[in-house]
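# Residue-level structure breakdown
Chain by chain, the residues run as shown.
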Amino acid sequence: MVDKIAKKDLGILLKESWDFFSKRWVVLFQITLFVWIPVLMAFPLAGFLWTSYYSLQKNNPELLFSFKVILAGGILFFTLIGIFTAALLMDKLIKVTIIDGLWKKPEEKYYLDFFKLIKDVWPKMGEFCKTQVLAWLVIFPGPLLLFAFGVFFLGTKMTLEEAMTLSLPLLTPGVLFYIWFSFVPYEVILRGKKGKDALSSSKGIVRYDLAKFAGNMLVIIGILLFINMGLSGFLKLVFSFFNSTALLNLGELIATIVSNIFGLWGTVFHFSLYRDLRDRYPGAKAGILEPLP
């Protein structure tokens, strides 16, 4: 029975997520590289095109507002946004699928076959994209418009920085929506929920123990920020003795890579927290939801 499933405290969640992460981080990082390296390769091209645009502005200002230039800039911008969004969705879809598949067998050898993996997750891609975009449309536009309105209204009476600071509370609904719908990917990918059903289910699970969700996520975010800042500061200190810009840049690159690797622990922790909250959610007892295996 669901009501007999013991509540896992923070220590247990940290331990089980760390145990999984420490054994499977290589697989998860391979997915990160597989998804994001092609995306990152598109940005140097964007940089080149932006440089060309700047040169055009400098040497031929009369062409700056021509229809073709504006159209090309718009196409470039929305293409990059589309590529980034697709990579973000694919990254989440693959990682959730992999973590769920390996959760009960952390010791089992696993060899990542990207082409087979893409073939396996592709049927879920369409519904996952539609539902996740729906969640984003609920989360972001309203609070951002409120924030922009606040900055615009207050900006007539004070400096821009002061207006932005005083308008920050207007983003609170967006933060709350983000928390409510943070389990949407799991409900779509693992439970086959769609659209509003996935949003409603995610919200119900989070609200069931909102204090635990918020407290635990703040702890893991704090730990990861501490690791990130500590590592970055340590490497900067070490490489500063060599008085070399190249070595300082190398230190920042190493810190970024290691921080991204540890960030995967946060992904696993979030999944572990989802399992705990969802298995104890009263909806499962009523037959609305079934406990995870």
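What counts and how
- Each chain carries its own residue numbering, running from 1 in the direction its sequence is written.
- Two thresholds apply to this predicted model, a pLDDT of at least 70 for residue-level local features and 80 or more for giving and counting side-chain atom pairs, whereas whole-chain, interface and lining totals are computed over all residues.
- Heavy atoms throughout the structure, all of them, feed into the side-chain values; hydrogens and water do not.
- Under the DSSP-based scheme used, a helix requires at least four consecutive residues in state H or I and a strand at least two consecutive residues in state E, with every element numbered from the N terminus.
- Two residues form a contact once any of their heavy atoms are found within 4.5 Å.
- For every residue, the predictor reports its confidence as pLDDT, a number between 0 and 100.
- Using a 1.4 Å probe on the protein chains alone, a residue whose accessible area is under 20% of its type maximum counts as buried, one over 50% counts as exposed, and one in between counts as partly exposed.
- Between the rings of Phe, Tyr and Trp (Trp by its six-membered ring), a pair exists once the centres lie within 6.5 Å; its type follows the angle of the planes, with under 30 degrees stacked, over 60 edge-to-face, and the other angles tilted.
- Think of each axis as a best-fit line through the C-alpha atoms, taken over the contacting stretch in the case of a helix, with angles from 0 to 180 degrees between the N-to-C directions.
- Any angle between 65 and 115 degrees counts as roughly perpendicular, while under 35 counts as roughly parallel, over 145 as roughly antiparallel, and the rest as oblique.
- If you view the pair so one helix is near and one far, a crossing is left-handed when the near helix is turned anticlockwise from the far one by less than a right angle, and right-handed when it is turned clockwise.
- All residues other than Ala, Val, Leu, Ile, Met, Phe, Trp, Tyr, Cys, Pro, Asp, Glu, Lys and Arg, Gly among them, are scored as polar; the first ten of these are nonpolar and the last four charged.
- The patches described consist of residues with a relative accessible area above 30% and no salt bridge, like charges being joined within 9 Å and nonpolar side chains (Val, Leu, Ile, Met, Phe, Trp, Tyr) within 5 Å.
- Every accessible area reported is derived by Shrake-Rupley at a probe size of 1.4 Å, with residue values counting cover from the shown protein chains alone.
- By definition here, a salt bridge exists when the distance from a side-chain nitrogen of Lys or Arg to a carboxyl oxygen of Asp or Glu is within 4 Å.
- We define the nonpolar core as a collection of buried residues of types Ala, Val, Leu, Ile, Met, Phe, Trp, Tyr and Cys that are connected through side-chain atoms lying within 4.5 Å of one another.

### What about the overall build of the chain?
Of regular secondary structure, the chain possesses 11 helices and 0 strands. Taking the intrachain contacts of the chain between residues at least 6 apart in sequence as the baseline, contacts between residues at least 24 apart amount to 77%.

### Quick word on the confidence of the model for the chain
For the chain, per-residue confidence averages 82 on the pLDDT scale, and residues scoring 70 or more make up 84% of the total. Predicted confidence is poor over residues 285-293, with pLDDT under 50, and the contacts of this stretch with residues over four places away or in other chains come to 27 contacts.

### Remarks on the side chain of His-270
As for its placement among the helices and strands, His-270 is situated in helix α10 (residues 245-280). Given the relative accessible area of 9%, His-270 is considered buried. Those residues in contact with His-270 that lie beyond four places of it in its chain are Ser-182, Phe-183, Tyr-186, Phe-213 and Met-217.

### Things to note about the packing of aromatic side chains
By the definition in use, this model includes 16 aromatic pairs. Between the aromatic rings of Trp-103 and Phe-271, the centroid separation amounts to 5.1 Å while the plane-to-plane angle is 65°, which identifies the pairing as edge-to-face. Residue Trp-103 is located in the loop between α2 (67-102) and α3 (114-139), and its partner Phe-271 is located in helix α10; the two are separated by 168 residues in the primary sequence. Accessibility assignment for this pair places Trp-103 and Phe-271 in one class, buried. When the centroid spacing of 6.0 Å and the interplanar angle of 55° are considered together, the rings of Phe-183 and Tyr-186 count as tilted. Considered together, Phe-183 and Tyr-186 belong to a single accessibility category, that of buried residues. Among the aromatic residues, those joined into a cluster by ring pairs are Phe-20, Trp-103, Phe-183, Tyr-186, Phe-213, Phe-271 and Tyr-274.

### Side note on the environment of Ala-255
Within the secondary structure layout, Ala-255 lies in helix α10. The sequence separation of Ala-255 and Phe-234 amounts to 21 residues, and the corresponding C-alpha distance is 9.2 Å. Residues within four places of Ala-255 in sequence aside, it is in contact with Leu-231, Ser-232 and Leu-235.

### Digging into the packing of helix α4 (residues 141-154) against helix α5 (residues 160-167)
Following both chains from N to C, one finds α4 and α5 inclined at 140°, their axes separated by 8 Å at the closest point. Taken together, α4 and α5 sit at an angle that is classed as oblique. Judged by the twist between their axes, the crossing of α4 over α5 is right-handed. Two secondary-structure elements touch here, α4 through Phe-147, Gly-150, Val-151 and Leu-154 and α5 through Leu-160, Ala-163, Met-164, Leu-166 and Ser-167. Partitioning the contact of α4 with α5 into residue classes produces 7 nonpolar, 2 polar and no charged.

### A few points about a nonpolar patch on the surface
A cluster of nonpolar residues, Phe-234, Leu-237, Val-238, Phe-241 and Phe-242, forms a patch on the protein surface that exposes about 570 Å² of accessible area. Along the chain, Val-238 turns up in helix α9 (residues 210-240). Judged by its relative accessible area of 30%, Val-238 is partly exposed.

### Quick look at the nonpolar core
Residues Ile-31, Ile-94, Ile-98 and Phe-183 are the most contacted members of the largest nonpolar core, which totals 54 residues. If you list the elements that add at least two residues to this core, you get α1 (10-59), α2, α3, α7 (184-191), α8 (195-208), α9 and α10. The biggest single contributor to this core is α1, with 11 residues. Look past the residues within four positions of Ile-94 in its chain and what remains in contact with it is Ile-31, Val-35, Leu-117, Ile-118 and Val-121.

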